[in-house]
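Each chain, letter by letter, is given below.
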Amino acid sequence: MSLFELEKTLSFDEYIATFDVERVAKVHNFVDWLAQYQGGLVHNPWGEVNPDLEIVTDGFDAAQVRRDNLVAYLLPRLGRAKVFVVAEAVGYQGGRFSGIAITCERMLLDKHKTIRAKDVTPIRLERTSSPTSSLLKGTQQKDGFNEPTDTVVWSAIVEKGIDPYDTLLWNIFPFHPHKEDNPLTNRTPTDREQQLGWEYTKRLLDLHIELGGVEPLVLAVGQKSADTMGTFGLSAIGLRHPANGGANLYRQGFAEAVDTCLK
């Protein structure tokens, strides 16, 4: 039995118990803080549930599942990661249902074509999108959501030979902004939302340092993300956004930034 197969047998609680109690408490506090946010035309994955789109059964709280997913993702990375990759906002095909930035459900379920579940966490995490919702496409019902940008960002990490646990993925506005009357859409966060989101991003960076980390190399998914962080005094290298034919340029920029800055 491989180490991954062995660790998959651990429950969430058993896995969390392998970490220092103080570390766990700080990460839980951060995630609980995230869960408190509410905003117009914004879905908070860690604090809200849409029964039209998500699993609703006795004993299953989709928001709690996403909180657990994020805690399990952050625990081994905060204080360790050398690279932070930061996008603009949570997307409906990615963190909206997985609870983890720039990460889609198929990665969690080990149903992704290139990214393995063990790259995300050593334990298998759960989906929250409903396999019976009529608002989801057939493949989404069967295998969960897949997000093209998430695929490019993760693939660039793996192809470069970087340990996925040495990277941490995040969004400046860490919630899902959507268009009116259509929760399965994405919209650009407003200036006010970006400013609000910066408070969460700054706290995450501070927590990383508190837990023994060094100042990370911050890479932005798209120049707009880099410019936004720059307005708050955080220097980030802007990479070509993978959308609209930019996947190869993103991979190239990622590799060059890592080679230049992590020597």
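What comes next concerns the included structure. The shown structure was predicted, so the numbers you read here are calculated from the model rather than taken from an experiment.

Each value, and the rule that gives it
- Residues numbered from 1 in each chain as written.
- Predicted model: local features only at pLDDT ≥ 70, side-chain atom pairs only at ≥ 80, totals over all residues.
- Heavy atoms only, no water.
- Phe/Tyr/Trp six-rings, centres within 6.5 Å; stacked < 30°, edge-to-face > 60°.
- Helix = DSSP H or I, 4+ residues; strand = E, 2+ residues; numbered from the N terminus.
- Buried < 20%, exposed > 50% of the residue type's maximum accessible area, 1.4 Å probe, protein only.
- Expected span 1.5 Å × (residues − 1).
- Contact = heavy atoms within 4.5 Å.
- Core = buried A, V, L, I, M, F, W, Y, C linked by side-chain atoms within 4.5 Å.

### Observations regarding the packing of aromatic side chains
- Tallied over the entire structure, the rule returns 13 aromatic pairs.
- Aromatic pair Tyr92 and Phe145: ring centres 6.2 Å apart, planes at 85°, arrangement edge-to-face. With Tyr92 in the loop between strand S2 (83-89) and helix H5 (95-98) and Phe145 in the loop between helix H8 (138-143) and helix H9 (148-159), this residue pair connects regions lying 53 residues apart in the sequence.
- Ring geometry for Phe97 against Phe145: centres 4.7 Å apart, planes inclined by 5°, an arrangement best described as stacked. Placement of Phe97 in helix H5 and of Phe145 in the loop between H8 and H9 is noted, with a sequence separation of 48 residues between them. Accessibility classification places Phe97 together with Phe145 in one group, the buried group.

### Structural notes on helix H12 (residues 247-261)
- Its 15 residues place the ends of H12 21 Å apart at the C-alpha level, agreeing with the 21 Å of an ideal helix rising 1.5 Å per residue.
- Along its buried surface, H12 packs onto S2, H9, strand S5 (217-221) and strand S6 (237-239).

### Things to note about unusual backbone geometry
- With a phi angle near 60°, Asp110 is a residue other than glycine that sits in the positive phi range.
- Checked against the element boundaries, Asp110 lands in the loop between helix H6 (105-108) and helix H7 (117-120).
- Residue Asp110 is classed as partly exposed on the basis of its relative accessible area of 28%.

### Description of the nonpolar core
- Residues Tyr73, Leu74, Val85, Leu168, Tyr250 and Phe254 are the most contacted members of the largest nonpolar core, which totals 69 residues.
- The contacts of Leu168, once residues within four sequence positions are left out, are Tyr73, Leu74, Arg77, Leu78, Ala81, Val83, Phe84, Val85 and Leu204.
- In terms of nonpolar packing, the next biggest core, distinct from the first, is built from six residues, Leu53, Tyr92, Phe97 and Leu136 among them.

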